[in-house]
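Structure assessment
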Amino acid sequence: MAISDTKARKAQPGEKPYRIPDGEGLYLDVRPSGKKIWRVRYFIDGKERTFTVGQYPTVTLAQARADRDWVKATASRGSDPVEAYKAQKAAERSAATDSFATIATEWYEKQVPHWTPNYANQVKKGLHEEMIPAFGHKHVSQVTAADVLKVMRDIEERGAPTVAILVRQWIGAIYQYAASTLRAEHDPSAPLRRAVKRPPIRHAQALTPEQLRTLAMSIPTKGGYRLTQIAMEVLMRTMLRTGEMRQGRWEEIHWMRAEWHIPADKMKRRRPHVVPLPQQVVVLLQELHGYTGNGEVMFPGLRDPRTPMAKTTVNDRLRGMGWAGLFTGHGFRATASTLLNQHGWRGDVIERQLAHTPGDKVRASYNHADYLDERRLMLQWWSDYIDALKLEQAVPPVPGRMSA
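Because the structure is predicted, anything quoted here is derived from the model rather than measured.

**Quick word on the packing of helix 8 (residues 209-222) against helix 12 (residues 313-323)**
Running from N to C, helix 8 and helix 12 point in directions that differ by 110°, and their axes come no closer than 11 Å. Here helix 12 runs roughly perpendicular to helix 8, going by the angle between their axes. Taken as a pair, helix 8 and helix 12 cross one another with a handedness that is right-handed. Contacts between helix 8 and helix 12 involve Gln211, Thr214, Leu215, Ser218, Ile219 and Lys222 from the former and Arg317, Leu318, Met321 and Trp323 from the latter.

Have a look at this one:
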């Protein structure tokens, strides 16, 4: 006769263990201690064995019968349910410790010291907003190409194909790390290298001399807050990236040498960079120091002076000045590079001021102050050139030995 829930609940312990059978091998083992344990009898290779399901009432009668059916089905296939259960639990533990999210987090923590803060934030956003919500719970070996493709397509449909490509690249790097730690044997992103078409690269627009004059003349009147005006002037005259400029700290300025020493962790190429400061920039920074010199950040944000100005500040102001779709803060670099080349300055000197890493590894190993004297002359000439444009004066002569 099959057991009922009432009978199981009312069963009292005796001096010795006893069983209340249910059917097809399932029984309730009532112990002298008062514990009631569901067990299932089954046979493997003609030998009787016992599978412990769990304790009543934590495991209900219905759950015990479902587990009994699983035990019977497993045994009928010639597999030992006890071993199968152990393997299942081991897989669950492995899934918890070797999930995609766990390994991706490990990879991120190992790589982040080698990245700029902006790039690290970009990767972190990709992990926590795209990859981990989609398949972070899965064991790293169970993520499929279809899983990765769905994430990429979703991002692409939002109008961000470049981000979709980056996400695929990051997934590939995560699987390289997983393989190096013997936790993965395949990369589900590998077949998807061309799944999303990369949009055409839009290089920063370089201004003509006439356009540069127009922009330079408008900064003092249309450039917004004075800190934003100075930021644009500094970008225009130093060839710095916007991120390098806005994250500047006063401790990096060497007034006596008229140099800005930017540490490697703020540079895109992870190499320290020395920027010789033209006289005009020194004057601008002295004025800026009067506004923000009591803090550590040179160009602080309006809401919190302890943090840099927003990365959109300069571009927002340029849009407000009528340059929307025509020019961005990065364009100051392209403009300087183009016009300096046109006026005969040496390409190596220009590239070094742009902090581009030389392709030749031997050249790349040179000290970070490469061409410092020539770069000092070049940036001073460039700043004088901008002033000459504004005053509609003749182009200042290029020192003969500096020209190509």
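**So, the sheet that holds strand 1 (residues 18-23)**
Working definition: the strands of a sheet are paired by backbone hydrogen bonds and lie parallel or antiparallel to each other. If you trace the four strands from one edge of the open sheet to the other, you get 1-2-3-4, paired in antiparallel fashion. If you trace the sheet from one side to the other, it starts and ends with strand 1 and strand 4 (47-56), each paired once. Pairs of neighbouring strands in the sheet enclose a mean axial angle of 30°, with direction left out of account. Relative to strand 2 (residues 26-30), strand 1 runs antiparallel, the two being bridged by five bridges. In the strand pairing of strand 2, Ile20 is matched with Leu28.

**Observations regarding the sheet that holds strand 5 (residues 253-254)**
As summarised here, the arrangement of the three strands in space is 5-6-7, forming an open sheet in which the pairing is antiparallel. Strands at the two margins of the open sheet, each flanked by one partner only, are strand 5 and strand 7 (273-276). Here two bridges tie strand 5 to strand 6 (residues 259-262), and the two strands are oriented antiparallel to one another. Its bridge partner being in strand 6, His254 is matched across the sheet by Glu259. Packing against the sheet, helix 16 (residues 372-391) makes contact with strand 6 and strand 7, and its axis sits at approximately 45° to strand 7.

Conventions adopted
- Residues numbered from 1 in each chain as written.
- Predicted model: local features only at pLDDT ≥ 70, side-chain atom pairs only at ≥ 80, totals over all residues.
- Heavy atoms only, no water.
- Axes fitted to C-alpha atoms, helices over the stretch in contact; angles between N-to-C directions.
- Helix = DSSP H or I, 4+ residues; strand = E, 2+ residues; numbered from the N terminus.
- Parallel < 35°, antiparallel > 145°, perpendicular 65-115°, else oblique.
- Left-handed = near helix turned anticlockwise from the far one by under 90°.
- Contact = heavy atoms within 4.5 Å.
- Pairing = 2+ DSSP bridges.

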